[in-house]
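Chain by chain, the residues:
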Amino acid sequence: TIYIKGKKIPSAGWVMDFKEIDKIVEPLIKKIDHKLLNEITGLENPTSENIAIWFWKKIKKKIPNLKKIEINRPRVGGCSYSD
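Notes on the structure follow. As the structure is a computational prediction, the values presented were derived from the model and not from experiment.

Counted by the stated rule, this structure contains 1 salt bridge. The shortest N-O distance in the salt bridge between E20 and K23 comes to 3.3 Å. Of this pair, E20 and K23 both sit in helix α1 (residues 18-32), 3 residues apart, roughly one helical turn. The exposure class of E20 is partly exposed, given its relative accessible area of 35%.

Turning our eyes to something else, we now look at the environment of I32. Within the secondary structure, I32 is located in helix α1. Between the alpha carbons of I32 and I51 there is a distance of 9.9 Å; along the sequence they are 19 residues apart. Here I32 is in contact with L37, I40, L43, W54 and F55, once residues within four sequence places are set aside.

The rules behind these values
Residues numbered from 1 in each chain as written. Predicted model: local features only at pLDDT ≥ 70, side-chain atom pairs only at ≥ 80, totals over all residues. Heavy atoms only, no water. Salt bridge = Lys/Arg side-chain N within 4 Å of Asp/Glu carboxyl O. Helix = DSSP H or I, 4+ residues; strand = E, 2+ residues; numbered from the N terminus. Buried < 20%, exposed > 50% of the residue type's maximum accessible area, 1.4 Å probe, protein only. Contact = heavy atoms within 4.5 Å.

Encoded structure:
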């Protein structure tokens, strides 16, 4: 889950368009989906914490108002990361 912060753009009614977020996040998800995570550079130790940090590092420059990233595993839990 990607959390962003900022003032709502009055003419649009949102802080950031989900389509823009998708353009940034979907390629990263495709890179790790159904892959051995520990074979991906930066995810050699693919804990929830490290996955959140990996996403943060890849996304933060493109979404400067990124507030936090949350990684959840159904029925088990997860973690969140913010800088």
